[in-house]
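Examining the three-dimensional arrangement
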Amino acid sequence: MATEQDVQNRLNACCTLCIAYLKDLKEPHQVDSPEFDPEQFKDTMGKIGQVLSHDATKLSLACKPPRKVEDAIQMVQELCNTLYRLLGFYHTIPTASGNAYRTAYSNLVRDILQGAHTLCTTFKGESPTFMVPTAILWESCTALGKSPKNNEAAIRIQWDILQETLKDAKSEVHSILEEEEEEEEKEKEETSTPKTQESIEQQKALTLKCTQLVDLTVLIYKKIQLRCLVGDGSVEWLDTLHQHAITVVDETDVLVSQLYEEDAESMPQHICAYVGHCLALVQIAQQVAKDENLKWFEMCAAKLESLAKA
């Protein structure tokens, strides 16, 4: 006859399984699957998410005290079986499907594994508080059903996040510029040395240039979203675009942060480096841009170069 210790052993085994699967997610897997069907895969993963959600509910009901040992053991085992299916299907994603697409599913699977681990760990205690862990696992399972259908869809989701970060940077750099303009007006009203006024004007000029660059970068991202992420780019092009887009956003944070240092001598170097990253992104966008959109990116590149030289 099964005992409470058997329940604990099964919960421990499930936790160990989750940890092993999480480690496996970090390992690169080269998969060649020419018959891979993204639409069917999305549907399959959504259904597995529904099964996992039901498993989480039944496990919580079976394991909450007072619990029947046999029911608890059965539900933990069913959860393990479904997690095994989840990881098995995940490993059918071909390498050629794109980095963003595979990363999106990796993140979704990771969230589910972490949620399952937390839920099982909760029931190893004497007074489990399982409602929150169960709800979190439900949310992760629901998210699996809303997974991207291809690499471009995955990048579009990430693009929105990148644009939000850029908007924050834009707001910050404009705030810095306003503060410097107020300081400049204050210095004009008060008696200050020409050297102090010159230093303030020089810093303000650099901040203004950074503001113009960030504003232009925000426009570039919007243009790419509306005119380039429209099904014309290859998987490789999309991954290259996405990686450069991440770099530019990171460098935007660096550029704005450098304004707080108020180092007028080194700032031009940071501006030139930033413009270089932006130009690289524009050049990638030009590979799929057409007609008036191509001309827009050409004018944009010229504007970036003029700001770097000014």
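The text that follows walks through the structure, step by step, so that each part is easy to find. Since this is a predicted model, take the numbers as computed values, not measurements. (Residues numbered from 1 in each chain as written. Predicted model: local features only at pLDDT ≥ 70, side-chain atom pairs only at ≥ 80, totals over all residues. Heavy atoms only, no water.)

1. Description of the packing of aromatic side chains
All told, the structure shown has seven aromatic pairs when counted by the stated rule. Seen from their ring centres, Phe41 and Tyr105 are 5.0 Å apart, and the 75 degrees between their planes marks the pair as edge-to-face. Of this pair, Phe41 sits in helix H2 (residues 38–63) while Tyr105 sits in helix H4 (residues 99–122), placing them 64 residues apart in sequence. Between the aromatic rings of Trp296 and Phe297, the centroid separation amounts to 5.2 Å while the plane-to-plane angle is 85 degrees, which identifies the pairing as edge-to-face. Overall, Trp296 belongs to the partly exposed group, its relative accessible area being 22%. Judged by its relative accessible area of 0%, Phe297 is buried. Taken together, Phe36, Phe41, Tyr101 and Tyr105 form an aromatic cluster joined through their ring pairs. (Phe/Tyr/Trp six-rings, centres within 6.5 Å; stacked < 30°, edge-to-face > 60°. Helix = DSSP H or I, 4+ residues; strand = E, 2+ residues; numbered from the N terminus. Buried < 20%, exposed > 50% of the residue type's maximum accessible area, 1.4 Å probe, protein only.)

2. What about the pattern of salt bridges?
In total, this model carries five salt bridges according to the counting rule given. Glu4 is the salt-bridge partner of Arg67, the closest N and O atoms lying 2.4 Å from each other. Here Glu4 lies in helix H1 (residues 4–26) and Arg67 lies in the loop between H2 and helix H3 (69–90), a separation of 63 residues in the sequence. (Salt bridge = Lys/Arg side-chain N within 4 Å of Asp/Glu carboxyl O.)

3. Quick look at the nonpolar core
Trp159, Tyr221, Ile224 and Leu304 are the most contacted members of the largest nonpolar core, which has 47 residues in total. Among the secondary structure elements, those contributing two or more residues to this core are H4, helix H6 (151–189), helix H7 (194–227), helix H8 (235–259), helix H9 (267–286) and helix H10 (291–309). Counting residues per element, this core draws most heavily on H9, which supplies 10 residues. What Leu304 contacts, discounting residues up to four positions off in sequence, is Leu213, Leu216, Ile220, Val275, Cys278, Leu279 and Val282. Core analysis: the next-biggest nonpolar cluster, separate from the first, contains 43 residues, Phe36, Tyr101, Cys120 and Phe123 among them. (Core = buried A, V, L, I, M, F, W, Y, C linked by side-chain atoms within 4.5 Å. Contact = heavy atoms within 4.5 Å.)

4. A closer look at the environment of Ile93
With respect to the helices and strands, the residue Ile93 is situated in the loop between H3 and H4. Take Ile93: its relative accessible area is 4%, and that puts it in the buried class. Residues within four places of Ile93 in sequence aside, it is in contact with Val31, Phe36, Phe41, Tyr101, Arg102 and Tyr105.

5. What about unusual backbone geometry?
With an omega of -10 degrees, the peptide bond running from Pro65 to Pro66 counts as cis. Its place among the elements puts Pro66 in the loop between H2 and H3. Notably, Asp291 is not glycine yet its phi reads approximately 50 degrees, a positive angle. Within the secondary structure layout, Asp291 lies in helix H10. Judged by relative accessible area, Asp291 falls into the exposed class, the value being 59%.

6. A look at the packing of H1 against H4
The interhelical angle for the contact between H1 and H4, taken along N-to-C directions, is 160 degrees, at an axis separation of 9 Å. In terms of axis orientation, H1 runs roughly antiparallel to H4. Of the two elements, H1 crosses H4, and the hand of that crossing is left-handed. Across the interface between the two elements, Leu11, Cys14, Cys15, Cys18, Ile19, Tyr21, Leu22 and Leu25 of H1 pack against Ser106, Val109, Arg110, Leu113, Gln114, Ala116, His117, Cys120 and Thr121 of H4. When the residues that make up the contact of H1 with H4 are grouped by side-chain class, the tally is 12 nonpolar, four polar and one charged. (Axes fitted to C-alpha atoms, helices over the stretch in contact; angles between N-to-C directions. Parallel < 35°, antiparallel > 145°, perpendicular 65-115°, else oblique. Left-handed = near helix turned anticlockwise from the far one by under 90°. Nonpolar A, V, L, I, M, F, W, Y, C, P; charged D, E, K, R; others polar.)

From the geometry alone we can't say anything about function, so treat these as descriptive.
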